[in-house]
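Analysis of the macromolecular model
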Amino acid sequence: NATRSLFSCENLTLFKVCQRSGVHLYFRGSPCVFSTAAQQRSTGDECGPEDPRDEPKHPLSDCALQHKAIKLEEQVRDLTERYRKALADSENVRRRTQKFVEDAKLFGIQSFCRDLVEVADILEKTAESAAEEAEPSNPNPTLKKIYEGLSLIEAKLQSVFAKHGLQKMNPVGGKYDPYDHEIVCHVPAEGVQPGTIALVTQDGYKLHGRTIRHALVGVAVESQE
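A quick note: this is a predicted structure, and the numbers were derived from the prediction, not measured. (Residues numbered from 1 in each chain as written. Predicted model: local features only at pLDDT ≥ 70, side-chain atom pairs only at ≥ 80, totals over all residues. Heavy atoms only, no water.)

**Digging into the overall build of the protein chain**
Scanning the protein chain from N- to C-terminus turns up five helices and nine strands. Reading the protein chain from its N end, one meets helices and strands in the order α-β-β-β-α-α-α-α-β-β-β-β-β-β. In the protein chain, buried positions account for 17% of the 225 residues. Sequence-distant contacts in the protein chain: of pairs separated by 6 or more residues, those separated by 24 or more amount to 56%. Counting every atom, the protein chain has about 17,600 Å² of accessible surface; 55% of that belongs to carbon and sulfur. (Helix = DSSP H or I, 4+ residues; strand = E, 2+ residues; numbered from the N terminus. Buried < 20%, exposed > 50% of the residue type's maximum accessible area, 1.4 Å probe, protein only. Contact = heavy atoms within 4.5 Å. Areas by Shrake-Rupley, 256 points an atom, 1.4 Å probe, with all protein chains shown as cover.)

See below:
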């Protein structure tokens, strides 16, 4: 009742000062205690237990941290090794693909070259026949012109072959190689070392160093009585 009557007075000057000792009200310069319950509740709230969520968490022990660091390092090494292997595999795939493309460009005409060398065989045999007929004993100008024309065609054909990497083998006098030659006969070794190639019955050809047709050869052997 005293508090209510004090608030109803005219020309009331109210100053509220918050202090830890209490809440004081001043009425016309006369202090009186308004309430200590609120102050007690406030003080009780301030002094109450802290929020358990604000309590600092217990840090991991040094042993646990070291174990975790070692495990992370192992994972990093494992991932790094996998990354390097993936790079190496991709590089190998790229190289194999590039080699396959290059081989396809070089040897894509392989079957076509096999057919052309048969034409070259026919042309060579025809030129040899014309040369035999156009001997000095036979003054036929027509045969001579035919022989000259066939020789020019043969030379031009071999030039085109060489331009595209197709070359004729010249195995006479060399060693027998099963990857390049095919033996069709044996001949007596007269003036040549046994095991060498003495004659060629069909020319062999290579395309960029790869044998596309084996040469049919005769190998010299020691004669037996």
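**A word on the packing of helix α4 (residues 110-133) against helix α5 (residues 141-163)**
The N-to-C vectors of α4 and α5 enclose an angle of 150°; their axes lie 9 Å apart at closest approach. Regarding the angle of α4 to α5, the classification is roughly antiparallel. Judged by the twist between their axes, the crossing of α4 over α5 is left-handed. Taken together, the residues of α5 that come into contact with α4 (itself represented by Leu 116, Val 117, Ala 120, Leu 123, Glu 124, Thr 126, Ala 127, Ala 130, Ala 131 and Glu 133) are Leu 143, Ile 146, Tyr 147, Leu 150, Ile 153, Glu 154, Leu 157, Gln 158 and Phe 161. Looking at the contact of α4 with α5 residue by residue, the classes come out as 14 nonpolar, two polar and three charged. (Axes fitted to C-alpha atoms, helices over the stretch in contact; angles between N-to-C directions. Parallel < 35°, antiparallel > 145°, perpendicular 65-115°, else oblique. Left-handed = near helix turned anticlockwise from the far one by under 90°. Nonpolar A, V, L, I, M, F, W, Y, C, P; charged D, E, K, R; others polar.)

**A short note on the confidence of the model for the protein chain**
Considering every residue of the protein chain, the mean pLDDT works out to 77; 70% of them sit at 70 or more. At the level of individual helices and strands, the protein chain shows its lowest average pLDDT in strand β1 (residues 16-19), which scores 44, and its highest in strand β7 (residues 205-207), which scores 94. Note on residues 1-21: pLDDT under 50 across the span, and 28 contacts to partners over four residues away in sequence or across chains. Here residues 23-49 scores under 50 on pLDDT; set against residues more than four positions off or in separate chains, the count is 36 contacts. (pLDDT = per-residue confidence, 0-100.)

**Re the UniProt feature "coiled-coil region" (unreviewed entry) in the protein chain**
Mapped onto the present numbering, the UniProt feature "coiled-coil region" (unreviewed entry) falls on residues 69-96. Spanning residues 69-96, this segment combines 100% helix with 0% strand, and its end C-alpha atoms are found 41 Å apart. (UniProt positions renumbered as here; feature names shortened; annotations may be inferred.)

**Notes on the pairing of strand β9 (residues 215-221)**
β9 sits mainly inside the fold: six of its seven residues count as buried. As paired strands, strand β5 (residues 181-188) and β9 are joined by seven bridges and run parallel to one another. Bridging across to β9, Cys 185 finds its partner in Gly 218. As paired elements, strand β6 (residues 197-202) and β9 share four bridges and run antiparallel to each other. When the sheet's bridge partners are listed, Gln 202 is paired in β9 with Leu 216. (Pairing = 2+ DSSP bridges.)

**Notes on α4**
Helix length check: α4, at 24 residues, gives a terminal C-alpha distance of 35 Å against a target of 34 Å (1.5 Å per residue), a fit within 8%. Listed as buried for α4 are Gln 110, Cys 113, Val 117, Ala 120, Asp 121, Leu 123, Glu 124, Ala 127 and Ala 130. Against the buried residues of α4 lie α3 (62-107), α5, β4 (166-168), β6, β7 and β8 (210-213). (Expected span 1.5 Å × (residues − 1).)

**Brief notes about the sheet that holds β8**
With antiparallel pairing, three strands are arranged side by side in an open sheet as β4-β7-β8. What marks the edges here is a single partner per strand, and that holds for β4 and β8. Each adjacent strand pair in this sheet contributes to an overall mean axis angle of 35°, direction not counted. Sheet strands in contact with α4 are β4, β7 and β8, and its direction is about 60° off that of β8.

**Considering a negative patch on the surface**
A surface patch of like charges, here negative, comprises Glu 128, Glu 132, Glu 133 and Glu 135. In this structure, Glu 132 sits in helix α4. (Patch = residues over 30% accessible without salt bridge, like charges linked within 9 Å, V, L, I, M, F, W, Y side chains within 5 Å. Salt bridge = Lys/Arg side-chain N within 4 Å of Asp/Glu carboxyl O. Lys, Arg positive; Asp, Glu negative; His and termini not counted. Charge placed at Lys NZ, Arg CZ, Asp CG, Glu CD.)

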